[in-house]
Amino acid sequence: MAILGQPKPDAGRLKAGRDVEGLIRALSFKDGNVRSEAAMALGGLFDGRILDALVNALADPDVDVRTDVVQALGRLKDPRAQDALAIALKDPDPGVRSW
């Protein structure tokens, strides 16, 4: 399904192809499910570009996306992710904070 002429990203395909840039772009997609899938896919990859994209996604208006971002940050093997997770401890949603 295309939204405003933009095809819906397939996070699984993007992850399989190690398309980090495509997954980062998917974090900005209108559909919250796509953003969540992209966040989870990014958490399973190890690339220096991922951390900044996930940190920015901590401000997503969709609580499910923020929860998936926190889980993804927890899977990163990047010590800088700890600082990002500290930001999540201040999230207004208790579910996000608990992750």
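Residues numbered from 1 in each chain as written. Predicted model: local features only at pLDDT ≥ 70, side-chain atom pairs only at ≥ 80, totals over all residues. Heavy atoms only, no water.

J.: Is there a simple way to think about the overall build of the protein in this case?
T.: Helix and strand counts for the protein stand at seven helices and two strands. The C-alpha atoms of the protein give 13 Å as radius of gyration, which agrees with the globular expectation for 99 residues (13 Å, within 12%). Its C-alpha atoms put the protein at 35 × 25 × 15 Å along the principal axes. By residue count, 42% of the 99 residues in the protein fall in the buried class. Look at the contacts in the protein between residues 6 or more apart in sequence, and 57% of them connect residues 24 or more apart. Roughly 5700 Å² of accessible area belongs to the protein as shown, and the carbon and sulfur atoms make up 53% of that amount. (Helix = DSSP H or I, 4+ residues; strand = E, 2+ residues; numbered from the N terminus. Rg over C-alpha atoms; globule rule 2.2 N^0.38 Å. Buried < 20%, exposed > 50% of the residue type's maximum accessible area, 1.4 Å probe, protein only. Contact = heavy atoms within 4.5 Å. Areas by Shrake-Rupley, 256 points an atom, 1.4 Å probe, with all protein chains shown as cover.)

J.: Can you help me understand the environment of V69 in this one?
T.: Considering the arrangement of structural elements, one finds V69 in helix 5 (residues 63-75). By relative accessible area, V69 is classed as buried at 0%. With 62 residues separating them in the primary sequence, V69 and P7 have C-alpha atoms 22 Å apart. Among all residues touching V69, those that are not within four sequence positions of it are A39, L54, A57 and L58.

J.: Looking at this model, I keep getting lost on the nonpolar core. Mind explaining?
T.: Here is a general trend for soluble globular proteins: nonpolar side chains tend to be buried in one another's company. Core analysis: the largest hydrophobic core is formed by 29 residues, its most contacted members being L23, L54, V69 and L73. Counting residues per element, the ones that place at least two in this core are helix 1 (11-16), helix 2 (20-26), helix 3 (32-43), helix 4 (50-57), helix 5 and helix 6 (81-88). The contacts of L23, once residues within four sequence positions are left out, are A11, L14, K15, A38, A41, L42 and L45. (Core = buried A, V, L, I, M, F, W, Y, C linked by side-chain atoms within 4.5 Å.)

J.: Looking at this structure, I do not really get the packing of helix 3 against helix 5. What am I missing?
T.: Geometrically, a packed helix pair is captured by the angle between its two axes and the distance between the axes. Look at helix 3 against helix 5: their axes get within 7 Å of each other, and the N-to-C directions meet at 5 degrees. Between helix 3 and helix 5, the angle is such that the two are roughly parallel. Taken together, the residues of helix 5 that come into contact with helix 3 (itself represented by G32, R35, S36, A39, M40 and G43) are D64, V65, D68, V69, Q71, A72 and R75. Here the residues of the contact of helix 3 with helix 5 sort into five nonpolar, four polar and four charged. (Axes fitted to C-alpha atoms, helices over the stretch in contact; angles between N-to-C directions. Parallel < 35°, antiparallel > 145°, perpendicular 65-115°, else oblique. Nonpolar A, V, L, I, M, F, W, Y, C, P; charged D, E, K, R; others polar.)

J.: Would you mind showing me how to read the packing of helix 4 against helix 5 here?
T.: Their axes nearest at 9 Å, the elements helix 4 and helix 5 cross at an angle of 150 degrees. By the angle between their directions, the pair helix 4 and helix 5 is classed as roughly antiparallel. Judged by the sense of rotation from one axis to the other, the crossing of helix 4 with helix 5 is left-handed. Residue-level inspection shows L51, L54 and A57 of helix 4 in contact with helix 5, the latter providing R66, V69, A72 and L73. (Left-handed = near helix turned anticlockwise from the far one by under 90°.)

J.: Any chance you could explain unusual backbone geometry here in plain terms?
T.: Peptide bonds are, in most cases, trans, and in most cases residues other than glycine have a negative phi. For R18, which is not glycine, the phi torsion reads 50 degrees and is therefore positive. Along the chain, the position of R18 falls in the loop between helix 1 and helix 2.

J.: In this structure, what is going on with helix 5? I would like to understand it.
T.: Structural remark: α-helix, 3.6 residues per turn; residues separated by three or four positions point the same way. For helix 5, which comprises 13 residues, the first-to-last C-alpha distance of 19 Å matches the rise-based estimate of 18 Å (1.5 Å per residue) to within 8%. Among all positions of helix 5, only V65, R66, T67, D68, V69, V70, Q71, A72 and L73 are buried. The inward-facing, buried residues of helix 5 abut helix 3, helix 4, helix 6 and helix 7 (94-98). Its side-chain oxygen at 2.8 Å from the backbone nitrogen of D64, D62 defines the N-terminal cap of helix 5. (Expected span 1.5 Å × (residues − 1). Polar contact = N/O pair within 3.5 Å; in protein donor to acceptor, adjacent residues only side chain to side chain.)

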